[in-house]
Amino acid sequence: MARTPKIGENLPAPQTVEGLLFHYQPTEAALWLPFSARTLALKAFAREIPHVNNGNKIWFSGLNIREITEQFTVQPFTRLSERKG
């Protein structure tokens, strides 16, 4: 039987004042990111994304979640005729 990961109740959103410094487990951070908890952990172990490593336990602060979001945000394409300068 598969074990369901425990997710804390009333988690602060990463963009709030309380959430910026809150430390989320990978299962909790996955609620805010387009990655599964396993993928987040693997990317953290490979040092591909910002995270907090506390004795081989991976955590993500709200700041980390915002940085990861920005890291994987694709900006819209602009045509040369639309560019100014």
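Our subject in this report is the structure included herewith. (Residues numbered from 1 in each chain as written. Predicted model: local features only at pLDDT ≥ 70, side-chain atom pairs only at ≥ 80, totals over all residues. Heavy atoms only, no water.)

1. A look at unusual backbone geometry
Here is step 1 of the chain: One non-glycine residue, Arg 47, lies in the positive phi region at around 60 degrees.
Here is step 2 of the chain: Relative to the helices and strands, Arg 47 is located in the loop between helix H3 (37–45) and strand E2 (52–53).
Here is step 3 of the chain: Take Arg 47: its relative accessible area is 74%, and that puts it in the exposed class.
Here is step 4 of the chain: The phi torsion at Asn 56 lies on the positive side, around 65 degrees, for a residue other than glycine.
Here is step 5 of the chain: Relative to the assigned elements, Asn 56 resides in the loop between E2 and strand E3 (58–61). (Helix = DSSP H or I, 4+ residues; strand = E, 2+ residues; numbered from the N terminus. Buried < 20%, exposed > 50% of the residue type's maximum accessible area, 1.4 Å probe, protein only.)

2. Quick look at the nonpolar core
Here is step 1 of the chain: Core analysis: the largest hydrophobic core is formed by 12 residues, namely Leu 11, Tyr 24, Ala 29, Leu 33, Phe 35, Leu 40, Ala 44, Ile 49, Ile 58, Phe 60, Ile 65 and Ile 68.
Here is step 2 of the chain: Secondary structure elements with two or more residues in this core: H3, E3 and helix H4 (62–71).
Here is step 3 of the chain: Setting aside residues no more than four positions away along its own chain, Ala 44 makes contact with Ile 49, His 51, Ile 58 and Phe 60. (Core = buried A, V, L, I, M, F, W, Y, C linked by side-chain atoms within 4.5 Å. Contact = heavy atoms within 4.5 Å.)

3. Brief notes about the pattern of salt bridges
Here is step 1 of the chain: Applying the stated criterion across every chain, the model contains 1 salt bridge.
Here is step 2 of the chain: Of the charged contacts in the structure, one is a salt bridge between Lys 43 and Glu 48, with a shortest N-O distance of 3.3 Å.
Here is step 3 of the chain: For Lys 43, a relative accessible area of 17% gives the class buried.
Here is step 4 of the chain: Taking relative accessible area as the criterion, Glu 48 reaches 44% and is therefore assigned partly exposed. (Salt bridge = Lys/Arg side-chain N within 4 Å of Asp/Glu carboxyl O.)

4. Describing the side chain of Lys 43
Here is step 1 of the chain: Within the secondary structure, Lys 43 sits in helix H3.
Here is step 2 of the chain: Among all residues touching Lys 43, those that are not within four sequence positions of it are Phe 35, Glu 48, Ile 49 and Phe 72.

5. Quick word on the sheet that holds E2
Here is step 1 of the chain: Sheet architecture is open: 3 strands sit in the order E1-E3-E2, paired in antiparallel fashion. In this open sheet, the two strands that pair with only one neighbour each are strand E1 (23–24) and E2.
Here is step 2 of the chain: As judged from the 2 bridges shared by E1 and E3, these two strands associate in the antiparallel manner. Its bridge partner being in E3, Tyr 24 is matched across the sheet by Phe 60.
Here is step 3 of the chain: Along the sheet face, H4 touches E1, E2 and E3 and points at about 80 degrees away from the line of E3. (Pairing = 2+ DSSP bridges. Axes fitted to C-alpha atoms, helices over the stretch in contact; angles between N-to-C directions.)

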